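# Coordinate analysis (summary)
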Amino acid sequence: MGEPLTVGVDFGTLSGRAVVVRVRDGAELGSAVFEYPHGVLDETLPATGRALPPEWALQVPGDYVGVLRNAVPAALRDAGVDAGDVVGIATDFTACTMVPATADGTPLCELPEFESNPHAYVKLWKHHSAQPQAVRINELARARGEKWLPRYGGLISSEWEFAKGLEVFEEAPEVYAAMRHWVEAADWIVWQLTGSYVRNACTAGYKGILQDGQYPSRDFLRELAPGFESFVAEKLEHPLGELGSRAGSLSAEAASWTGLPEGIAVAVGNVDAHVTAPAAQAVEPGQMVAIMGTSTCHVMNGAELHEVPGMCGVVEGGIVPGLWGYEAGQSGVGDIFGWFVEHFAGASHEELTRLAARQEIGEHGLIALDWHSGNRSVLVDHELSGVIVGQTLATRAEDVYRALLEATAFGTRKIIETFSAAGVPVTELIIAGGLAKNALLMQIYADVTNLPLSVIGSAQGPALGSAIHAAVAAGAHADIRVAAAAMGSVERAVYRPVPAHVTAYDELYAEYTELHDYFGRGGNDVMHRLAARKRAVAKGQS
Ligand SMILES: Nc1ncnc2c1ncn2[C@@H]1O[C@H](COP(=O)(O)OP(=O)(O)O)[C@@H](O)[C@H]1O
Ligand SMILES: O=C(CO)[C@H](O)[C@H](O)COP(=O)(O)O
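Please read all numbers here as calculations on a predicted model, not as lab measurements. Counting restarts for each chain: residues are numbered from 1 in the order of the written sequence. Here chains are named by letter from A upward and ligands by number from 1 upward, in the order in which they appear as written. Only residues with pLDDT of at least 70 are given local features in this predicted model, and only at 80 or more are side-chain atom pairs given and counted; all residues enter the totals for whole chains, interfaces and linings. By convention in this description, side-chain values take in all heavy atoms of the structure and omit both hydrogens and water.

Moving on, we get to the overall build of the protein chain. Secondary structure is summarised from DSSP: a helix means a run of H or I of at least four residues, a strand means a run of E of at least two, and numbering begins at the N terminus for each. Along its length, the protein chain carries 18 helices and 22 strands. Expected size for 542 residues packed as a compact globule is a radius of gyration near 24 Å; at 22 Å, the protein chain falls within 12% of this value. Overall size of the protein chain, expressed as C-alpha extent along the three principal axes, is 65 × 55 × 45 Å. Any two residues whose heavy atoms approach within 4.5 Å are treated as being in contact. Across the protein chain, every contact between residues at least 6 apart in sequence was considered, and the portion connecting residues at least 24 apart equals 73%. Note on areas: these come from Shrake-Rupley sampling with a 1.4 Å probe, and a residue is covered only by the protein chains present in the view. By element, 51% of the accessible surface of the protein chain is carried by carbon and sulfur atoms, the whole surface being about 19,500 Å². We score Asp and Glu as negative and Lys and Arg as positive, and we do not count His or the chain ends. Just so you know, the charge point we use is NZ for Lys, CZ for Arg, CG for Asp and CD for Glu. Positive and negative side-chain charges in the protein chain, numbering 38 and 65 respectively, have mean positions lying 3 Å apart. We take the radius of gyration over the C-alpha atoms and set the globule estimate at 2.2 Å times the residue count to the 0.38 power.

Listed below in structure tokens is the structure:
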């Protein structure tokens, strides 16, 4: 018998990563990645070959099981350990990513009668077509003075459970009728591991509008859309599991997929962003973790409840039991850089970064808005779109690339300032996720926010965070704080703000704020008009 180990599995936007971790000190002994064979379905539905409408983003749930079957055994092989030493497994997922399922958890898209219906598939977090539903939820909640609304910064997102659920109810009543559970993928995967459904407190709070033990009322839902009043009772409500607790035991079937021992602890599901906080040892108030990849999520604990305008939410026990967990985010970050590299630049991230790093601040003469995937915080509007001001015939690809890097840093500063102004000061910014590898981007973030940047010690933050949760669920550490101290890691103040850069960026940030408020706060509604026109044209074509 060797030392106790756990397995953490991170289900990202394009792939799932498994990591094998030593419980004593968090050493990562082996890992493996499995790319989802279907990736993100955002153009056509393979079952029919038909085009999907704008802003759609679907996934195939079988791909997630592929991660359990492939990445977990491969990570065990990579680690060269005896699977018998693994005492627990935990998973984290993108969110809000929703699976419409039958009573036994079968995704509707796996039933022959629904395989051609796009609404029967998983709606990925960045499926943004439920914005009209989100707008109606927000208008009605404001008019009725619903007391849960300020817990979400005053706006519910189109990415979340109610907007996406209402979209299914209104656009695919046959799917809605057949769906017994509207399940977060974070919980669906735990269901596959244990054979039983436990709803995690994190997504229920942030994405499912569960506050002080209550969901939005039947009355509210009836007024929103007659017939939708039973949504909570019939599709959503389910017993909750606290973060770090044991959801159940690994079933015989899941043991055969993964090569892990049957009966080991399986932790309650979690979100990729929130689970990263303990991996970065950021479990105390004021320590904000920015998980920077395709998108950025900002998560932070607080001792008290405050209402921060435009935050994604504040949930009691949403990150660590006993504290208020705050979340904000930017829907597109690496995705925006990737879009530019893929469609316009003719050069790689590395080459563009190298060229952009030679420039002085402001040399390119550009300012951009980072809304190519909408704005998650603090405007919470997915019909906003990207802007680049200042282009001339002299503008080069590296100029635009740098302006896009800077735009996302300004977006993060807007979030930090909004938190601080609402009485939730950010005392430390800790970076996790794939973008930490871009040193220019990191220095820009330090200069724009005027904060020293700490960087998580692991390249697999979410998967390590899951392994930490697995250790707690297995009883190998007393709680998440204790496990984070033993297994998490962070390097402090790796990037420090340069005073002259801070001053230069203060001026550009003022310009960003002008554009931000002009396009995002009603100065000019052109982005909404263009989005409406795009939708109308797409509708006419279908
Ligand atoms: N050197 C780089 N600099 C900036 N962005 C990059 C670089 N390399 C990849 N990206 C972007 O990073 C994103 C992937 O980040 P990653 O953390 O690996 O993914 P995920 O968020 O899905 O876990 C992609 O959107 C890609 O465009
Ligand atoms: O909103 C989220 C968490 O609340 C998503 O999980 C997140 O934005 C997806 O992130 P990524 O693909 O960058 O890991």
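Tracing the sequence through the fold places His128 in the loop between strand E7 (122–123) and helix H2 (131–144). The classification of residues rests on relative accessible area computed with a 1.4 Å probe and restricted to protein chains. Under 20% of the type maximum is buried, over 50% is exposed, and intermediate values are partly exposed. Among the residues examined, His128 registers a relative accessible area of 5% and is labelled buried. What His128 contacts, discounting residues up to four positions off in sequence, is Glu55, Ser158, Glu159, Ser331, Ser373 and His382.

Whether a residue is near a molecule or strand is decided by its heavy atoms; if any one of them lies within 4 Å of it, the residue is near. By nearness alone, 14 residues border ligand 1, and Thr294, Gly334, Asp335, Gly434 and Asn438 come closest of all. Any pair of N or O atoms that falls within 3.5 Å is considered a polar contact. Within protein, one atom must be able to donate a hydrogen and the other to accept it, and sequence-neighbouring residues count only if both atoms are side-chain atoms. Asp335 places a polar main-chain atom, nitrogen or oxygen, 3.1 Å from an oxygen atom of ligand 1. The separation between a nitrogen atom of ligand 1 and a polar side-chain atom of Lys437 is 3.5 Å. Out of a free accessible area of 580 Å², ligand 1 has 77% covered by protein chains.

What pLDDT expresses is the predictor's confidence in each residue, scored from 0 to 100. Confidence in the prediction for the protein chain averages 96 pLDDT; 100% of positions are at 70 or higher. Scoring of the predicted complex yields 0.92 for pTM and 0.94 for ipTM.

Quick look at the sheet that holds strand E14 (residues 287–292) now. Note: two strands are recorded as paired if DSSP finds a minimum of 2 bridges between them. Strand order in the open sheet made by the seven strands is E16-E17-E15-E14-E20-E21-E22, with mixed pairing throughout. The open sheet has two edge strands, strand E16 (313–316) and strand E22 (490–495), and neither has a second partner. If you compare each strand with its neighbour and ignore which way they point, the axes differ by 25° on average. Interaxial angles span 0 to 180 degrees and are taken between N-to-C directions of axes, which are lines fitted to C-alpha atoms, for helices over the stretch in contact. The sheet contacts of helix H13 (residues 397–421) involve E14, strand E15 (296–302), strand E17 (324–330) and strand E20 (428–432), and relative to E17 the element is tilted by about 150°.

Right, let's get into the pattern of salt bridges. By convention in these notes, a salt bridge is any Lys or Arg side-chain nitrogen within 4 Å of a carboxyl oxygen on Asp or Glu. With the rule as written, the count across this model stands at 23 salt bridges. One salt bridge connects Arg22 with Asp25, and the closest N-O pair in it is separated by 2.7 Å. The shortest N-O distance in the salt bridge between Arg492 and Glu428 comes to 2.5 Å. Here Arg492 is found in strand E22, whereas its partner Glu428 is found in strand E20, with 64 residues between them in sequence.

Along the chain, the position of Leu58 falls in strand E4 (residues 58–59). The buried category is assigned to Leu58, whose relative accessible area is 0%. For the pair Leu58 and Tyr326, spaced 268 residues apart in the sequence, the C-alpha separation amounts to 27 Å. In this structure, Leu58 is in contact with Gly39, Val40, Leu41, Leu45, Leu52, Pro118, Tyr121, Val122, Lys123, Leu124 and His127, ignoring residues within four places of it in sequence.

Next up on the list: the site of ligand 2. Neighbouring ligand 2 are Thr13, Thr94, Ala95, Trp125, Lys207, Val271, Asp272, Thr294, Ser295, Cys297, Glu327 and Arg376. One nitrogen or oxygen atom from the main chain of Thr294 is found 3.5 Å from an oxygen atom belonging to ligand 2. The protein chains hide 91% of the 380 Å² of surface that ligand 2 would expose on its own. Charged residues are taken to be Asp, Glu, Lys and Arg, nonpolar residues to be Ala, Val, Leu, Ile, Met, Phe, Trp, Tyr, Cys and Pro, and polar residues to be all remaining types, Gly included. Looking at side-chain class alone, the shell around ligand 2 contains four nonpolar, four polar and four charged residues. Per the annotation, domain bounds derive from an automatic or database assignment of domains. Mapped onto the domain boundaries, the shell around ligand 2 takes at least three residues apiece from domain 1 (5–271) and domain 2 (281–456 + 498–542).

This brings us to the nonpolar core. Soluble globular proteins tend to pack their nonpolar side chains together in the buried interior. Judged by nonpolar contacts, the single largest core of 63 residues is most densely connected at Met292, Phe337 and Phe419. The element contributing the most residues to this core is H13, with eleven residues. With sequence-adjacent residues up to four places away left out, Met292 is seen in contact with Val333, Ile431, Ala432, Gly433, Gly434, Leu435, Leu441, Met442 and Tyr445. Core analysis: the next-biggest nonpolar cluster, separate from the first, contains 46 residues, Ala163, Met179, Ala204 and Cys312 among them. What is meant by a nonpolar core is a set of buried Ala, Val, Leu, Ile, Met, Phe, Trp, Tyr and Cys residues, joined one to another through side-chain atoms within 4.5 Å.

For the rest of this paragraph, the subject is the pairing of strand E5 (residues 86–93). Within E5, seven of the eight residues are buried, which leaves the element mostly enclosed by the surrounding structure. Of the pairings in the sheet, the one linking strand E1 (residues 5–11) to E5 comprises seven bridges and is parallel in character. Across the sheet, the residue bridging to Phe11 is Phe93, located in E5. Strand direction decides the pairing type here: E5 and strand E12 (residues 265–267), joined by two bridges, are parallel. Bridge assignment links Ile89 to a residue of E12, and that residue is Val266.

Glancing now at the domain arrangement of the protein chain. Here the protein chain is described as being made up of domain 1 (5–271) and domain 2 (281–456 + 498–542). Listed per partner, the contact involves 26 residues of domain 1 and 32 residues of domain 2. Accessible area that two parts lose when put together, evaluated with a 1.4 Å probe and summed over both, is termed the buried area. On the domain 1 side of the interface with domain 2, the three residues burying the most area are Gln131, Arg151 and Tyr206, jointly 27% of the side's total. At the boundary of domain 1 with domain 2, the tally comes to four salt bridges. Lys534 is the salt-bridge partner of Glu55, the closest N and O atoms lying 3.5 Å from each other. On inspection of domain 1 and its partner domain 2, the count reaches eleven residue pairs in polar contact (both at pLDDT 80 or more). Mapped onto the side of domain 1 that touches domain 2, the elements with two or more residues apiece are H2 and helix H6 (201–206). The element that contributes the greatest number of residues to the side of domain 1 that touches domain 2 is H6, accounting for four residues.

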